[in-house]
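# Summary of structural features
Each chain, written out:
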Amino acid sequence: MIKRNQQVLLARINKMKQATDVEEYQKYNGFSGLLKAIDMDKETILDELDLAQLRGRGGAAFPLGKKWRHLYGAKGETKYIVCNADEGEPGTFKDKALLEHDPLSVIEGMVIAGYLFSAKAGYIYMRGEYRRIQKVFQEALDNAEKAGFLGENILGIKGFNYKITIISGAGAYVCGENSALLNSIEGKTGRPRVKPPHLADVGLYLQPTLVNNVESFAGIPVILREGGQAFLDLGTKDGGGTKLICLSGHIKNRGLYEVNLGTPLQEILYSEEYGGGSSTGHPLKFIHFGGQSGPIGAVQNLDACIYSYKGLWDKDLSVGSGAIVVMDDQVSVVDYLVQVAAFFAHESCGKCTPCRLGTTRILELLKKFNTQTAVTGDLERLEKMLMHVTNLSACGLGQSVANPMKSGLAYFPEEFEAGIRETAVSVKGGLW
Amino acid sequence: MSSLSLSEKEAIILENDSDPQRILNMLIAIQYASEEGYIDEETAKLVADRLHLSQARVYEILSFYAILKTEPQARYVLKICNSTPCLFTGGDRLAELLEMILEVPEGQPTPDGLFMYHSIPCIGACDQGPVIKIKDTVFGKLTEAKVYQLIDDLQSGRYQEL
Ligand code: SF4
Ligand code: FES
């Protein structure tokens, strides 16, 4: 039914006139994944998900089948389903498109989860910046309930009672971290929890909880509708499906695209169908993948790169959220990284010292390189600091600050060296 | 001193079922509906009271989340995205430009209380950079001329709904 090179997640978006209309949604295959699911044995659902090899689309790339199986086996009075719609990763605007233009697909994925785990309550935590979309989503929820896909005795199945509530974020990047997000839903400040315990065992209100990204939930109905194998075939064997990618920066056709995992990166950057090459007339120099916490790659090393999980891992890069931020050769990597560091220093929640102070020290050091006031030894200090922050931070935010820095350093060491004033007197010893 | 009446605030709280889980939904809705664009002490007290939370808890939340404000804001708060995709596609010039036009530094209201601008991280409109956001509305692909136009339009009352 579905072939490669056809839109899957975005298929409905350009066709539907009224994104929140259930009948129209059903006209384009909507809710057929759920209808199939309720006729399936629960173990079979899990098998299909495993087969599909959907990796978490929020950025962590953890196999969704495994996560769902873990929750399936978890013991607790009640299980919660949570959709992480706190998309705040700079360069990323894919979830926004689904939430606004195909909200029912996200709802369908969440209802399937509700059915599988016999959950009574689902939550979607949507960033405060998407306030207008929250209203659209609420309308979709209300329509789904009216049509019998949410609420009491869903689809006439006795005891299948499930509701979804929208919780608004209020401008804290760290709430994209799953445990911080759960704290925020509980009405607390959104600071991450120490893990383990795993959220699948001790999550929202200390009950077993499933947290998945918007794009992941939207993929679930496709898997059940078309079968796990068909979904896998859309991508590569290390990760099935298509991926929403967001092109921004110095690229001609900025915007949201859906590509099959396994598409050559060159095609994404230069073909007219996608990026269309440089927007500035200057050659492209480097790409920041997956958001601020992702690694940076030098364009000249990426000739044969395949945009897939493994294809990027082989180059020490990652798919992450799907952000592809492209910079031309007029941009200094150090200059770029100063801004990235400023972002982390601003967004660190302050709970743990290595991250709170470390992000600030990293920013200060990078600024020194940027203003040519670094001294001998600063490079080593920077590297040590990056290592400390990675290893000693409690959550993913702190742990991934070093990704862009280290890769930038690896590819463009000369730009850092140029920031060192050789004549300056070296600072004795290390400060840290 | 909020421009919202007590019953309007209560209506927002009730719309959210007085549910402490939805405290952020309520606070943002109240803040956006009020003219001064912030949560004053009276409102914080009201929310605490209706949700059976301590005031300290409400203030902890108000100070943690960037969108929530505890000080009066200008009539139009222009938020500039300063994340890298926008910053390197012209966003770096916006603050300077606004300082020139409005003659106040970042974060300070103009003497007439009409404008204020400050930087925020990504708002999910990275393909339209450089961008300015006012409440829920994004003004994208800005050029110098468009920024002048935007300020003019705001001054002449073209965007009353904002
Ligand atoms: S690593 Fe940073 S963001 Fe994460 S909990 Fe620690 S201080 Fe907060
Ligand atoms: S980087 Fe500016 S809106 Fe995303």
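It should be emphasised that the depicted structure is a prediction, and the values quoted were computed from it without experimental measurement.

Looking only at helices and strands, one finds 7 helices and 4 strands in chain B. Element order for chain B, N to C, with α for helix and β for strand: α-α-α-α-β-α-α-β-β-β-α. Against the 2.2 N^0.38 benchmark of 15 Å for 162 residues, chain B shows a C-alpha radius of gyration of 17 Å, consistent with a compact globule. Across its three principal axes, chain B shows a C-alpha extent of roughly 50 × 30 × 25 Å. In chain B, buried positions account for 55% of the 162 residues. Looking at chain B alone, contacts between residues at least 24 apart form 61% of all its contacts between residues at least 6 apart. If you sum the accessible surface of chain B, you get close to 7,300 Å²; carbon and sulfur atoms cover 49% of it.

So, about the interface of chain B and chain A. Listed per partner, the contact involves 37 residues of chain B and 52 residues of chain A. In terms of surface lost to chain A, no three residues of chain B exceed Q21, F64 and F88 of chain B, which account for 21% of the buried area on that side. Notably, a salt bridge pairs K133 of chain B with E129 of chain A, separated by 2.8 Å at the nearest N-O pair. If you look at where chain B meets chain A, you find 20 residue pairs in polar contact (both at pLDDT 80 or more).

On to the packing of helix 3 (residues 41–51) of chain B against helix 4 (residues 55–64) of chain B. All names here are of chain B. As a packed pair, helix 3 and helix 4 sit with axes 9 Å apart at the nearest point and diverge in direction by 120°. Between helix 3 and helix 4, the angle is such that the two are oblique. Crossing handedness for the pair helix 3 and helix 4: right-handed. Along its contact with helix 3, which presents E41, A44, K45 and A48, the element helix 4 presents Q55, V58, Y59 and L62. Residues belonging to the contact of helix 3 with helix 4 are distributed by class as follows: 5 nonpolar, 1 polar and 2 charged.

With that out of the way, let us pick up the pairing of strand 5 (residues 242–249) of chain A. All names here are of chain A. Across the 8 residues of strand 5, 8 count as buried, placing the element largely inside the fold. Relative to strand 6 (residues 255–260), strand 5 runs antiparallel, the two being bridged by 6 bridges. Looking at the pairing, I245 lines up with Y257 of strand 6. Between strand 5 and the antiparallel strand that follows it, strand 6, lie 5 residues. With 4 bridges connecting them, strand 5 and strand 11 (residues 323–328) associate as parallel partners. Pairing of S248 across the sheet is with V325, part of strand 11.

A few words on the sheet that holds strand 3 (residues 163–168) of chain A. All names here are of chain A. Spatial strand order, 3-2-1-4: 4 strands in an open sheet with parallel pairing. Each edge of the sheet is formed by a strand with only one pairing partner; in this case those strands are strand 3 and strand 4 (209–213). Averaged over neighbouring strand pairs, the angle between their axes works out to 20° when direction is ignored. With 6 bridges connecting them, strand 1 (residues 80–85) and strand 2 (residues 121–126) associate as parallel partners. For Y80, the partnering residue across the bridge sits in strand 2 and is A121. Taken strand by strand, helix 8 (residues 178–185) contacts strand 1, strand 2, strand 3 and strand 4, and its axis lies near 110° from that of strand 1.

The subject of this paragraph is the pattern of salt bridges. When the charged atoms of two side chains with opposite charge come close together, those side chains can pair. Residues and elements named next belong to chain A. The final tally for this structure, using the stated rule, is 26 salt bridges over all chains. Across the salt bridge formed by E177 and K195, the nearest N and O atoms sit 3.1 Å from each other. Taken together, the positions of E177 in the loop between strand 3 and helix 8 and K195 in the loop between helix 8 and strand 4 put the pair 18 residues apart, joining distant regions of the chain. By relative accessible area, which is 15% here, E177 ends up buried. Judged by relative accessible area, K195 falls into the partly exposed class, the value being 41%. Residues joined by salt bridges that share partners form a network here, namely R57, K94, D95, E215 and K243.

All names here are of chain A. Ordered by their spatial adjacency, 5 strands build an open sheet running 6-5-11-8-9, and the pairing between neighbours is mixed. Each edge of the open sheet carries a strand with a single partner, namely strand 6 and strand 9 (296–298). Averaged over all pairs of adjacent strands, the angle between their axes in this sheet comes to 30°, without regard to strand direction. Two strands pair when backbone bridges link them, and strand 8 (residues 284–289) and strand 11 are joined in this way by 5 bridges, in the antiparallel orientation. In the strand pairing of strand 11, H288 is matched with V325. In this fold helix 13 (residues 333–347) packs onto strand 8, strand 9 and strand 11, with an angle of close to 25° to the strand it touches most, strand 8. Helix 17 (residues 402–411) rests against strand 8 and strand 9 of the sheet, and its axis sits at about 20° to strand 9.

Reading guide: rules and limits
- Residues numbered from 1 in each chain as written.
- Chains lettered and ligands numbered in written order.
- Predicted model: local features only at pLDDT ≥ 70, side-chain atom pairs only at ≥ 80, totals over all residues.
- Heavy atoms only, no water.
- Helix = DSSP H or I, 4+ residues; strand = E, 2+ residues; numbered from the N terminus.
- Rg over C-alpha atoms; globule rule 2.2 N^0.38 Å.
- Buried < 20%, exposed > 50% of the residue type's maximum accessible area, 1.4 Å probe, protein only.
- Contact = heavy atoms within 4.5 Å.
- Areas by Shrake-Rupley, 256 points an atom, 1.4 Å probe, with all protein chains shown as cover.
- Buried area = accessible area lost by both parts, 1.4 Å probe.
- Salt bridge = Lys/Arg side-chain N within 4 Å of Asp/Glu carboxyl O.
- Polar contact = N/O pair within 3.5 Å; in protein donor to acceptor, adjacent residues only side chain to side chain.
- Axes fitted to C-alpha atoms, helices over the stretch in contact; angles between N-to-C directions.
- Parallel < 35°, antiparallel > 145°, perpendicular 65-115°, else oblique.
- Left-handed = near helix turned anticlockwise from the far one by under 90°.
- Nonpolar A, V, L, I, M, F, W, Y, C, P; charged D, E, K, R; others polar.
- Pairing = 2+ DSSP bridges.

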